[in-house]
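# Overview (structure and organization)
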Amino acid sequence: MTEIIVVTSGKGGVGKTTTSASLATGLALEGKKVAVIDFDVGLRNLDLIMGCERRVVYDFVNVVHGEATLKQALIKDKRHETLFVLAASQTRDKDALTQEGVEKVLDELTKEGFDFVVCDSPAGIEKGAHLAMYFADHAVVVVNPEVSSVRDSDRILGLLASKTRRAEKGETPIKQHLLLTRYNPNRVEAGEMLSVKDVEDILGISVVGVIPESENVLAASNAGVPVILNDDSNAGLAYKDTVARILGRELPLRFIEPVKKGFLKRVFGG
Amino acid sequence: MGILDFLKRKPEASAGVAKERLRIIVAQERSTRGGPDYLPLLRNELLEVIRKYVNVDVDAVNVTLDRDSGHEVLELSVALPEGKPATSA
Ligand SMILES: Nc1ncnc2c1ncn2[C@@H]1O[C@H](COP(=O)(O)OP(=O)(O)OP(=O)(O)O)[C@@H](O)[C@H]1O
Ligand SMILES: [Mg+2]
C-alpha cells in the first residue's frame, strides 16, 4: 500500500520544503521506496534543496498533461536508489494542475509500488495547497513558534479534517502530525518564544517532532544536501527522530532544553 | 548574566501574551469554522450592539451553527462581565 503524506502549513516560509526533502530522504534511508513531489507550481524549489536542479527535464505538469511519462519525469536521487523527485512546473498558469491529473499521477505511483509519496505543498489555502492535501493519508503540519504560523496551522488542521478525500468520503480521517520547527530553547526559557507545550495547548494536538533553529539548514540548502544527512547537526538528528515516529516508533523529544552557555559567553554575553 | 548583558536592553518576556492572544483567536475561529461565511461578520455586529449596553470582552460573544437531524440551530451565547449583574434599564 502506498501512503501519501502532505507537508503543509498555511503560512509561507515556515520550512515545508526543508521538511519535505528531509522526510523523503529519511524514509528512503529507512529502506522505503519514496517519491517526493513539488506542488508549488510556478515556484520550483524542492529540486534545489534535493540537489537535482540540473537534471530536471520534465515536470509534474508535463506528466499531468501527457507531455511526458511519469518514468521520464521522475528524477532518481544521486545518493539513494529508492528516492525519486518530481519537480514543479515553472509555468505561471496556476490552473495547470487538476484534481483528476493529480489523482492519475498518484495512482500510477501506487501501481509502481512506491511505499510513500511526499507532497510538498505551496503556502496558502488556495488551489495548489488544496490539491496537495486532497488525497493524503498523513499530514505533516509545519509550524513555527510564532503567532501567525500557529493561527494558520489551526486553519489548516480544520481544512484537513473537512476538505480532503478522506473527509468527504467519510473514511478514517487523515493522520495529523504537528511538526514544530525553528525552535530555540534558549529563547523559550527567556520567555521570548512560545514553548512546545504552549503550541500543543493552543492547537490541542501533540507534536511529532521539534526541529531546532539551526545554521546547518542554510548550509544544507546551499549544498543541495537535505539536512537529515548531516549527522553532526541537531536539526538533522531531530528530523531522523521525526521520521522514526511517523513510522510508528516511540522516541523522546531531543534538543528542547536550553543550551547552557560556556564561561566566556557568560562573562561577555552573546 | 554577562557583564555586557547589563548594557544590552533585555527583550520582553512576551510569550505569555502570545499564548493568551492565540488561545482566544483560535477558539473564536474554530467556533465559526465550517459554517456560512457570514458567521464571523454576524458575530462582530452582535458584539458591537451588545457593547452599546454592556462592556463585554471581545471574545464574550459566541455564535455557532449546529446541524441537528434535518434542521439547523443558530446558537448565540454572551458571557457578561463578572460581578456586574445586568441591571434593568
Ligand atoms: N530549522 C531551521 N533552522 C533554520 N532555518 C530554517 C529551518 N527550517 C527552515 N529554515 C529556513 O527557512 C527558510 C524557509 O524554508 P522553506 O523554504 O523550507 O519554507 P517553505 O515553507 O517551503 O516556504 P514556502 O512557503 O515559500 O514554500 C529557508 O531559508 C530555510 O533555510
Ligand atoms: Mg516551499
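Residues numbered from 1 in each chain as written. Chains lettered and ligands numbered in written order. Predicted model: local features only at pLDDT ≥ 70, side-chain atom pairs only at ≥ 80, totals over all residues. Heavy atoms only, no water.

Looking up chain A in an unreviewed UniProt entry gives the name Septum site-determining protein MinD, with the organism given as Luteibacter rhizovicinus DSM 16549. UniProt annotates chain A under Function (unreviewed entry) with the comment "ATPase required for the correct placement of the division site. Cell division inhibitors MinC and MinD act in concert to form an inhibitor capable of blocking formation of the polar Z ring septums. Rapidly oscillates between the poles of the cell to destabilize FtsZ filaments that have formed before they mature into polar Z rings." (UniProt positions renumbered as here; feature names shortened; annotations may be inferred.)

## Description of the packing of helix H7 (residues 147–160) of chain A against helix H10 (residues 196–203) of chain A
All names here are of chain A. Between H7 and H10, the least distance of the axes is 10 Å, while the angle of their chain directions is 40°. Judged by the angle between their axes, H7 and H10 are oblique. Crossing of H7 against H10: the hand is right-handed. Of H10, the residues touching H7 (which contributes Val 150, Ser 153, Asp 154 and Leu 157) are Val 199, Ile 202 and Leu 203. A breakdown of the residues in the contact of H7 with H10 according to their chemical character gives 5 nonpolar, 1 polar and 1 charged. (Axes fitted to C-alpha atoms, helices over the stretch in contact; angles between N-to-C directions. Helix = DSSP H or I, 4+ residues; strand = E, 2+ residues; numbered from the N terminus. Parallel < 35°, antiparallel > 145°, perpendicular 65-115°, else oblique. Left-handed = near helix turned anticlockwise from the far one by under 90°. Contact = heavy atoms within 4.5 Å. Nonpolar A, V, L, I, M, F, W, Y, C, P; charged D, E, K, R; others polar.)

## Here's the deal with empty space enclosed by the protein
All names here are of chain A. Counted under the stated rule, the structure contains 3 cavities of 30 Å³ or more. The space that makes up the largest cavity amounts to roughly 50 Å³. Lining the largest cavity are Thr 18, Ser 22, Ile 49, Val 217, Ala 220, Ser 221, Val 225, Pro 226 and Val 227. Mapped by element, the contributors of at least two residues to the lining of the largest cavity are helix H1 (16–29) and helix H11 (215–223). Of the residues forming the lining of the largest cavity, the biggest block, 3 residues, is contributed by H11. Grouping the constituent residues of the lining of the largest cavity by class yields 6 nonpolar, 3 polar and no charged. Of the volumes computed, that of the second largest cavity is approximately 40 Å³. If you go around the second largest cavity, the residues you meet are Thr 19, Leu 23, Val 140, Leu 179, Tyr 239, Thr 242, Val 243 and Ile 246. Listing elements by their share of the lining of the second largest cavity, those giving two or more residues are H1 and helix H12 (234–246). The leading source of residues in the lining of the second largest cavity is H12, at 4 residues. Looking at the lining of the second largest cavity residue by residue, the class counts come to 6 nonpolar, 2 polar and no charged. (1 Å grid on protein atoms, 1.4 Å probe; cavity = no way out; pocket = protein on both sides within 12 Å on 5 of 7 lines; lining within 4 Å. Points joined across faces, edges and corners; volume = space filled by probe spheres on them.)

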